[in-house]
Amino acid sequence: MNNTANQAARRRKVRVDTRLCEGHALCIDSAPEVFDLGDDDVATCIETPPEAMWDKVQAAINSCPRQAISFVST
Ligand code: SF4
């Protein structure tokens, strides 16, 4: 990754849309280091996981049946 891509990547955050999440927990299967389920069965996440986790986060995005997870630029 070049410097520009690195800087752009560092500004990304992970978001879970709690209005969409239905607690399927598939995101936790994909990236247990990043996602967890709260007491209300809604997913929580580490907003700025290390870059090494991003492939797993992308897998979680792909696996979420509610499209509740996204990368957002800050
Ligand atoms: S896979 Fe999607 S719907 Fe299921 S817990 Fe994770 S964010 Fe919520």
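Residues numbered from 1 in each chain as written. Predicted model: local features only at pLDDT ≥ 70, side-chain atom pairs only at ≥ 80, totals over all residues.

Peer 1: Help me understand the site of the ligand, please; the structure alone is not making it clear to me.
Peer 2: As a structural note, the neighbourhood of the ligand is formed by 13 residues, with Cys21, His24, Cys27, Ala43 and Cys64 the closest of them. When the residues that make up the shell around the ligand are grouped by side-chain class, the tally is 9 nonpolar, 2 polar and 2 charged. (Near = placed C-beta within 6 Å. Nonpolar A, V, L, I, M, F, W, Y, C, P; charged D, E, K, R; others polar.)

Peer 1: What exactly am I supposed to notice about the nonpolar core here?
Peer 2: Note on soluble globular proteins: their nonpolar side chains tend to be buried together. Counting residues in hydrophobic clusters, the biggest one holds 13 residues, and the most contacted among them are Cys27, Ala31, Phe35, Ala60 and Ile69. Elements with a minimum of two residues in this core: strand E1 (12–16) and helix H3 (54–63). Apart from residues lying up to four places away in sequence, alanine 60 is in contact with Cys27, Ser30, Ala31, Phe35 and Ile69. (Core = buried A, V, L, I, M, F, W, Y, C linked by C-beta atoms within 7 Å. Buried ≥ 20, exposed ≤ 12 C-beta atoms within 10 Å, placed from the backbone. Helix = DSSP H or I, 4+ residues; strand = E, 2+ residues; numbered from the N terminus. Contact = placed C-beta atoms within 7 Å.)

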